[in-house]
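Letter by letter, the chains look like this.
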2 protein chains.
Amino acid sequence: MTNETTLPDATLRPASPHPLSPRQMGMMRHLSDQQWARLAPAMTERVTALPDTVLSTRGKKLEYSLLLLDGLVARSVPRADHDRSTFVALQFPGDFVDLHAFPLKKLDHDIVALTPSELAVIRHDKLTELLNDDVELARVLWSLTLVDAAIHRHWVMRNSAMRAFGRVANFLSEFDARMTVALGEERDRYPLAITQADIADATGVTKVHVSRTLRDLREDQCCAIRNGTLEIICRDRLRKRGEFDDSYLYFPEPFKTV
Amino acid sequence: MTNETTLPDATLRPASPHPLSPRQMGMMRHLSDQQWARLAPAMTERVTALPDTVLSTRGKKLEYSLLLLDGLVARSVPRADHDRSTFVALQFPGDFVDLHAFPLKKLDHDIVALTPSELAVIRHDKLTELLNDDVELARVLWSLTLVDAAIHRHWVMRNSAMRAFGRVANFLSEFDARMTVALGEERDRYPLAITQADIADATGVTKVHVSRTLRDLREDQCCAIRNGTLEIICRDRLRKRGEFDDSYLYFPEPFKTV
DNA sequence: CGTATGCTTGAATCACGTCAACTGATGTGG
DNA sequence: CCACATCAGTTGACGTGATTCAAGCATACG
């Protein structure tokens, strides 16, 4: 199911020839220009991952964290005696994927690339230096991990209290909203490189039923997934069906709703 | 359902005559003695709450955070057009209940006391002072919020991927484990002041089905809830049924397993 | 080519929700 | 003190949403 290739040091490569520039990316907009100017130069390495690559493994000590530049990445909990693992979070471009490992040292889940992905590396010792000198930056990074926590809470609510149809509608609404922030603009069509099995792992619905639910959403003129493209047919209807309210995402300007 | 009484300032009372002493409480054991010595004196006020009291409300700006000293408190997401709200987290004595509100300013959920509870108040301006002077303490508090996040992820897994029987078994295993840390010792009987409806809200199973599931657990010699007491009949069996592994709780010494 | 993967669909089954009736404990007011 | 209401929990009967099993189809790939 996964490539079983836990990120060897060899896959970390220098960032040249393309340095980090576009801070106008997704949740990084929570940082001020100055803060970004301090953080970006510290990320001098890159990682490229193919689908199903395990970027970090549950329980293993981590000495760096990763900022997702491009692609989609899941936090995945493998379950004994079950063929599929459960996704407990999804990360979009502009998200720190395992910043949680900075204070905690170890993570309780795997990090897996779902699509071809590009990430920037920041070493924890470097980060310690930076944050010791800059209380404000530390506060912002803390906030970013707490937004993750807020999203976790939303997933708990969604996957415990809603039924399949609303769950998938809500999930796709979140996908739409977070992609909007990641791309910097609202679109009606997104390349959706994840499979129905991925949606199943994220929503706790079997993949067979995900297929049926997507058909229902299509017939209901909410959205349609065709040839690897998610088309938002009627955003309002989709959000209503999924009882979706984006305030838990704590969007940065100019997407702010809270 | 709830008292609808959002904590008025009037309910904050001075901590006298009993100052905070027992740092040997639950997750506060993550702090060093010195760190506790710095933090404790800053909490000069107390709150007492009856069951169903709303301690803080979703979306409202918060100027203080609360440390739970005694009782049980839930993070609750109200749902439009539904009679019950969903619990996305539970807090035990020794937990900071809304430390998330310190960096985020607003929360995305309500905080509700489930049992008669006692809490210590820490003002955010005071906390800012403290943390600006003490990078290490800031790091520890950050960690504590990330343990919350890890628990959220576990709840996502549990409530999306497990069925009613395992879900409730897992929930009660977590209850047992966290109570052990909160009390400082392992017990086979706990006063369980929460109702089956609360368990239902936390696990996403209807309360009728919770009742049946608890009967099954009793007949299976795992645990029994009688007259407000949770009796652990066979901890191993209970944990096995719930596929429970406590590593996600990041227990402090001397309970550490990670 | 053959094989693997993603998706779709149908039919059978089952876990769980819903509705409803009943119990026992607790509390309140006349 | 009794009548009555309320709330937590239990149990049975029934309905249904979702899983499971299975077959089939399209596309991609070595």
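Small disclaimer: the values here were computed from a predicted structure and weren't measured.

### Here's the deal with the interface of chain B and chain A
Accessible area lost upon the coming together of the parts serves often as the stated size of an interface. Contacts between the two partners involve 48 residues from chain B, matched on the other side by 48 residues from chain A. Both faces considered, chain B and chain A share a buried interface measuring about 3,900 Å² in area, 63% of it formed by carbon and sulfur atoms. Applying the counting criterion to the chain B and chain A interface returns 6 salt bridges. For Arg 79 of chain B, the salt bridge is made with Glu 243 of chain A, and the minimal N-O distance between the two is 3.1 Å. Where the side of chain B that touches chain A is concerned, the elements lending two or more residues are β5 (73-77), β6 (86-91), α2 (101-104), α3 (124-133) and α4 (135-161) of chain B. It is α4 of chain B that contributes the most residues to the side of chain B that touches chain A, 19 residues altogether. Among the residues forming the side of chain B that touches chain A, the class breakdown is 26 nonpolar, 13 polar and 9 charged.

### Brief notes about the protein's contact with DNA strand D
DNA strand D sits among 16 residues. The nearest are Arg 163, Ala 164, Thr 206 and Arg 212 of chain A together with Gln 196 of chain B. Backbone sugar and phosphate groups make up 77% of those atoms of DNA strand D lying within 4 Å of the protein. Between a phosphate oxygen of DNA strand D and a side-chain N or O atom of Thr 206 of chain A, the distance comes to 2.9 Å. Those elements giving two or more residues to the surface near DNA strand D turn out to be α7 (207-219) of chain A together with α7 (207-219) of chain B. With 5 residues, the top contributor of residues to the surface near DNA strand D is α7 of chain B. Among the residues making up the surface near DNA strand D, the classes are represented as 4 nonpolar, 6 polar and 6 charged.

### Re the relation of the copies chain B and chain A
For the pair chain B and chain A, the best superposition has an RMSD of 0.0 Å and corresponds to a rotation of 180° with a translation of 0.0 Å parallel to the axis. Taken together, these values place the two copies in the relation of a two-fold axis. In this assembly, 100% of the residues forming the interface of chain B have copies in chain A that are likewise at the interface, indicating an isologous arrangement.

### With respect to the domain arrangement of chain A
Residue and element names in this part refer to chain A. Segmentation of chain A into domains returns domain 1 (9-147) and domain 2 (162-249). Its C-alpha centre places domain 1 at a distance of 25 Å from the equivalent point of domain 2. Counting from both sides, the interface comprises 17 residues of domain 1 and, opposite them, 14 residues of domain 2. Each partner contributes to the roughly 1,300 Å² buried at the junction of domain 1 and domain 2, and carbon and sulfur atoms together form 61% of this total. Counting across the domain 1 and domain 2 interface gives 3 salt bridges. In this structure, Asp 95 engages Arg 178 in a salt bridge whose closest nitrogen and oxygen atoms are separated by 3.0 Å. At the junction of domain 1 and domain 2, the tally comes to 6 residue pairs in polar contact (both at pLDDT 80 or more).

### Regarding the packing of α3 of chain B against α4 of chain B
Residues and elements named next belong to chain B. Between α3 and α4, the shortest axis-to-axis distance is 5 Å and the interhelical angle comes to 120°. In terms of their interaxial angle, α3 and α4 are classed as oblique. In this structure, α3 contributes Leu 127, Leu 131 and Asp 133 to the contact, and α4 contributes Val 135, Leu 137, Ala 138 and Leu 141. Broken down by class, the residue content of the contact of α3 with α4 amounts to 6 nonpolar, no polar and 1 charged.

### Comments concerning the environment of Pro 51 of chain B
Residues and elements named next belong to chain B. Structurally, Pro 51 can be placed in the loop between β2 (45-49) and β3 (54-56). Residue classification places Pro 51 among the partly exposed residues on the basis of a relative accessible area of 32%. Along the chain, Pro 51 and Ala 113 lie 62 residues apart, while their C-alpha atoms are 5.3 Å from each other.

### Quick look at the protein's contact with DNA strand C
In the neighbourhood of DNA strand C, 16 residues make up the surrounding shell, with Gln 196 and Ser 211 of chain A together with Arg 163, Ala 164 and Arg 212 of chain B lying closest. Backbone sugar and phosphate groups make up 77% of those atoms of DNA strand C lying within 4 Å of the protein. The separation between a base nitrogen of DNA strand C and a polar side-chain atom of Arg 212 of chain A is 3.4 Å. Within the backbone of Ala 164 of chain B, one N or O atom sits 2.8 Å away from a phosphate oxygen of DNA strand C.

Rules used throughout
Residues numbered from 1 in each chain as written. Chains lettered and ligands numbered in written order. Predicted model: local features only at pLDDT ≥ 70, side-chain atom pairs only at ≥ 80, totals over all residues. Heavy atoms only, no water. Contact = heavy atoms within 4.5 Å. Buried area = accessible area lost by both parts, 1.4 Å probe. Salt bridge = Lys/Arg side-chain N within 4 Å of Asp/Glu carboxyl O. Helix = DSSP H or I, 4+ residues; strand = E, 2+ residues; numbered from the N terminus. Nonpolar A, V, L, I, M, F, W, Y, C, P; charged D, E, K, R; others polar. Near = heavy atom within 4 Å. Polar contact = N/O pair within 3.5 Å; in protein donor to acceptor, adjacent residues only side chain to side chain. Least-squares fit on C-alpha atoms with pLDDT ≥ 70 in both. Domains from an automatic or database assignment. Axes fitted to C-alpha atoms, helices over the stretch in contact; angles between N-to-C directions. Parallel < 35°, antiparallel > 145°, perpendicular 65-115°, else oblique. Buried < 20%, exposed > 50% of the residue type's maximum accessible area, 1.4 Å probe, protein only.

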